[in-house]
Amino acid sequence: MAKKEINYLDMLDALKMLVDKAEGKEKSELRSKQKEFIKQVKKIIAFDIEKDNEKYASAIESLEKTNKDIESAIKDVNKISHVLSSITNTMNVIGEFV
Amino acid sequence: MNKNLFFIKKLKLAILICLIQCSITQGQQRALQNFGETAILMSNLSSNELIAMRNSTIQMNLTRIRLDNLDKPKEDSQTKEEKVEYKDLDGVFDINVISIRLKAIATIRSYAKLLLSLSSDASQKELERATQSFLFSVENLSSEQKKMDEKKLNAIGEAIKLFGGIFTEHKKKDSIKSIILESKEQIELLCDLLSKDFDPKGGRLATTFILTGEELLLSAEEKLDPNEKKPEKIRSKALLSFHLAEKNIQKKETVLPEIAKSILNLKQANLEMYEAFRSEIYTTKDILKFANTVKAVQDYKAILK
């Protein structure tokens, strides 16, 4: 299985950009997702998870999808609610092995 | 008779030329010195930064937990997660993890010191001491970091013995070449592992360090949000936390990539130095590039202090 990598800091930068654009309830919800994202990523790094397994590959795939959703929402803030559910889904996938 | 004298003179001249060619040139000596001095500086900078990263991680985690608890009702007991966080303030900067990295840096430093001894008028005793220190630091490396086997370590020990023998100048260059050759892969491996640690684009330590800063920044931003209408006491603590987080996150663009780059340049300069001895061609391109990136790290560190 090919090892996939993702740049967590670039993804976080995109998420921060989206938080800056969001307002009101969506802003605070995104902030809380951002916090969760940081915590989960720190766990992935700390546990030094084996990168050759399927669960890791599906987590990276899910992160990549969320990253695309974030980038799309930066261009169109109406998609923020979709990003919120996308992050929730990714955090669940990561939560399965950390 | 005259014919014999002429022959002896020619022979002496030939030996002299041979000895000059076989001895270390000024350029090679300069290469050793520049490399050694810059490598020592780089190893000091990176070990200091590693310790600073660990201390800042503890400080940022503690500040964030305290900041998050400021507006919580006092009767709320610590959650299970908070208790875990308090017990693990250093995160991936565990003392054992840092100690392994510091040993790798110490090996590079002792290698640089050995090269400096070889380029100076160090006594045989001083050379042996520098060699022992290098060999000892290699033996202390973890299995993932160690690339030198017993044979290579012995070869270095033997090469140093040649310095005390006859035809010192004649043998000196061969000995240095042998030391650089035997150590090349070891130094390269340490450089690869260390540069990865400092690389914010995927390095385990650097990425966690920045994420810890981002976590604190987020907590501070929440408290500073005008819509949250937090009391002034909390806002002023949040402002200090914000500054602490920003200062450390800034390293993502400055100190950390520069250290990672300077370590990779050290690897390249080591190769160039070996070539300088192997092929008699002396260039300073990579050694100068290495020296310049180390200078950049120094500048950033001075600004960020």
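Up top is the structure.
The paragraphs below set out a description of the structure included in this document.

## A few points about the overall build of chain A
Now for step 1: Along its length, chain A carries 4 helices and 0 strands.
Now for step 2: Mapped in sequence order, the helices and strands of chain A form the string α-α-α-α.
Now for step 3: Relative to the compact-globule value of 13 Å for 98 residues, chain A shows a C-alpha radius of gyration of 13 Å, a close match.
Now for step 4: For chain A, the spread of C-alpha atoms along the three principal axes comes to 40 × 20 × 20 Å.
Now for step 5: Across the 98 residues in chain A, those meeting the buried criterion constitute 26%.
Now for step 6: The contacts in chain A between residues at least 6 apart in sequence include a share of 71% that link residues at least 24 apart.

## A short note on the overall build of chain B
Now for step 1: Helices and strands together make up the secondary structure of chain B, namely 11 helices and 0 strands.
Now for step 2: The secondary structure elements of chain B, listed N-terminal to C-terminal, are α-α-α-α-α-α-α-α-α-α-α.
Now for step 3: Split into buried and exposed, the 305 residues of chain B put 36% on the buried side.
Now for step 4: A separation of at least 24 residues holds for 78% of the contacts in chain B among residues at least 6 apart in sequence.

## Some details on the interface of chain B and chain A
Now for step 1: On the chain A side, the residues contacting the 15 residues of chain B number 13 residues.
Now for step 2: Tallied by class, residues from the side of chain B that touches chain A come to 5 nonpolar, 4 polar and 6 charged.

The rules behind each value
Residues numbered from 1 in each chain as written. Chains lettered and ligands numbered in written order. Predicted model: local features only at pLDDT ≥ 70, side-chain atom pairs only at ≥ 80, totals over all residues. Helix = DSSP H or I, 4+ residues; strand = E, 2+ residues; numbered from the N terminus. Rg over C-alpha atoms; globule rule 2.2 N^0.38 Å. Buried ≥ 20, exposed ≤ 12 C-beta atoms within 10 Å, placed from the backbone. Contact = placed C-beta atoms within 7 Å. Nonpolar A, V, L, I, M, F, W, Y, C, P; charged D, E, K, R; others polar.

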